Each structure stands twice: as structure tokens, then as C-alpha cells.
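Structural overview for review
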Amino acid sequence: MIDVKQVSKYYSNNKKAVDDLSFSVRQGELFGFLGPNGAGKTTTIRMMIGLLQPTEGEITINNLSVQRNKKQVQEDIGVVFELPNLYLRSSIRDNLKLFGDLHNVSNARIDEVLDSLQLLERQNDKVSSLSKGWKQRVLIARALLHQPKVLFLDEPTSGLDPNTTALIRGFINNFKQEGTTIVLTTHDMHEADELCDRVGIMCNGKLAALDDPSKLKSTHGKRELQVEYNRDGLAVKETWPVDDVETAKSVYQLMSSQQMISMHTKEASLGDVFAVLTGSELS
Ligand SMILES: Nc1ncnc2c1ncn2[C@@H]1O[C@H](COP(=O)(O)OP(=O)(O)O)[C@@H](O)[C@H]1O
Ligand SMILES: [Mg+2]
């Protein structure tokens, strides 16, 4: 559905924000970019939707060049960005109506989208009276009105409370079940892990790895055992590798001498994978 071919972006200061990126997104896939602030996620997504011209390389959506067929491509996509650009003095419904009229969207479709994002009860409230989480839902509703084939979401849950975050992740999952291809960016490893079919780990404008989350964790992450045991009357906490014969010996020794207090295995996280691949921590 989406093909990104050797794309780079230099801003005027000659810093490479995106550095020779190539990847594809399949139809119906939920694809995520995971990386800290400044990694190049927003720059990449802005080039994918035709808002920013790549310095080098080409991007196609549905076999159409984004750069050469911007109008046509934009009919097929919906975008949700960090910066809210809603009409604050208009109601939720009027905001959708204004956008819908540009795309010949029926009132029935507006009702349907309001319903699916649980916005119906406040459809006549002014956007200025809404919390950040409600505004985000209006932005998502607006992006979906014209039934885009691909939905782009830049940091869809950034700065939202845990309940709203869970609600929005649920919506994103529903859109995927309905067959929409989705590209999102996040700096939250749990979000990437929970939602995405495949995750591109981004650092300094490059993809350090690209695979499904469980493969990333099994290939690059290491499983650890957190033990707490008695040593000379003191409780000591240590972390040992799981797949190590020395760990097995120590565990046997501590358990048979009844010095073991507790032990827990810790599965690798995408944060661990990120640290292994890039030598730095996620923010
Ligand atoms: N308009 C701009 N002009 C100059 N540099 C920019 C601009 N936008 C982003 N950058 C730089 O490009 C890099 C990538 O930024 P961005 O794509 O926003 O990353 P992310 O979305 O992963 O936080 C950063 O170093 C950022 O400072
Ligand atoms: Mg960003």
C-alpha cells in the first residue's frame, strides 16, 4: 500500500532529519514508528502525506507518487496530527460538517463516525469547551469521515490521561479490524507493542530495526531473572541472565539452602530492544 524508497530529508541547517529510509507498509497493516523526540518520525510522516518534500527519494501510496499526485493521494488518506487545528468556536458536529462538505460526506456518515468515536452525546458542544482527549477524538473522527484507505496518526495519545489513552487505542484497533491501513508514530514502547503489527525502531533519522514486536524482542532483547536472597542476614537484590548455566547453579544453591526470598523473570521490552540497537534510552 505504501512504498518509501531511499528517502532523505535535510532541513535548511543541513542536518539530516531522515537518512536514506526504505520500507513498505502492507494493505491492512498497522505500522508504527517508535523513537524518542527528534528521531525523525514526524518528518517521515509529513513526507508520506505530501506536506513536506523529500530532499531525496520517492514515496508512493497505492502506486501513486505522493509528490506528483498530491491531490489524488490526499483523497485516499486521513491524517491526525499533534497540533489541533479545529474551529474552536464551532460545535463538534459543525467541525465535521465543514470538513465533510469538502469531500461530499453524507449526514448519515457523520452520524456513523460520531457514534463510533462515542461523540454523539456532546455533538453540539463547542470545541473550545472540550478537554484535550475529546479534541483528539474529534480530530480522529474528522480524519475518518471520507473513509480513507490509509490513516496516519502522529503521536495519537501523547499527553492524554490513561483512560483516554486506552479508549483511543481501542478505536485504533477497531479501525484496523475494519481493514484500514494505519501508520502511527509514538515514543511509547507499550503503545507500539500493544497496537502494531510491525514496528520500525527509529533513531537519528534511520531505522535501526523493523519487524513485528515479538520478533524484535526475541531477536534483540534478553530475558532476565530478578532475584532477592538472604546473604549474611541481609536481603540482596540482583538481576541475572535467564539463559545462563551459572544462573541455574546459583538458583539451585540458594533454593536448597533456603536463602531465596523471591525471583521473577522479566521479559524483554521494546525499550530494551531500543537500548540494545541504538545504545540509548527511549525518552
Ligand atoms: N522545520 C524544521 N526545521 C529544521 N529542523 C527541523 C524541523 N523540523 C524538525 N527538525 C529537526 O529534524 C529532526 C527530526 O525531527 P522530527 O521529525 O520532528 O522528530 P520526531 O517527530 O521523531 O520527534 C530533529 O532534529 C528536529 O530538530
Ligand atoms: Mg514528532
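Here goes a summary of the coordinates provided. Source: prediction; values computed, not measured.

1. Comments concerning the sheet that holds strand 11 (residues 224-231)
- The strand order 12-11-13 describes an open sheet built from three strands, whose pairing is antiparallel. Each edge of the open sheet is held by one strand with a lone partner, namely strand 12 (234-241) and strand 13 (260-266). For this sheet, the mean angle separating the axes of adjacent strands, direction not counted, is 15°.
- In this structure, strand 11 lies alongside strand 13, joined through six bridges in antiparallel fashion. Residue pairing across strands places glutamate 228 opposite serine 262, the latter belonging to strand 13.

2. Observations concerning helix 6 (residues 162-177)
- With 16 residues, helix 6 ought to run about 22 Å at 1.5 Å a step, and its terminal C-alpha atoms sit 23 Å apart, in line with that.
- Where helix 6 is concerned, the buried positions are Ile168, Ile172 and Phe175. One face of helix 6 carries all of its buried residues, which in axial projection span an arc of 60°. Exposed positions of helix 6 whose direction lies more than 90 degrees from the buried face are Pro162, Asn163, Ala166, Gly170, Asn174 and Gln177.
- On the buried face of helix 6, the contacting elements are helix 5 (132-144), strand 7 (150-154), strand 8 (181-186) and helix 7 (189-195).
- Trailing helix 6 by a residue or two, glycine 179 shows a phi angle of about 100°, which is positive.

3. Things to note about the environment of phenylalanine 33
- Examined against the element boundaries, phenylalanine 33 turns out to sit in strand 3 (residues 30-34).
- For phenylalanine 33 and isoleucine 201, which are 168 residues apart along the polypeptide, the C-alpha to C-alpha distance reads 6.1 Å.
- Those residues in contact with phenylalanine 33 that sit more than four places away from it in its chain are Lys41, Thr44, Thr185, Gly200 and Met202.

Conventions we followed
- Residues numbered from 1 in each chain as written.
- Chains lettered and ligands numbered in written order.
- Predicted model: local features only at pLDDT ≥ 70, side-chain atom pairs only at ≥ 80, totals over all residues.
- Pairing = 2+ DSSP bridges.
- Helix = DSSP H or I, 4+ residues; strand = E, 2+ residues; numbered from the N terminus.
- Axes fitted to C-alpha atoms, helices over the stretch in contact; angles between N-to-C directions.
- Expected span 1.5 Å × (residues − 1).
- Buried ≥ 20, exposed ≤ 12 C-beta atoms within 10 Å, placed from the backbone.
- Arc of directions from axis to C-beta.
- Contact = placed C-beta atoms within 7 Å.

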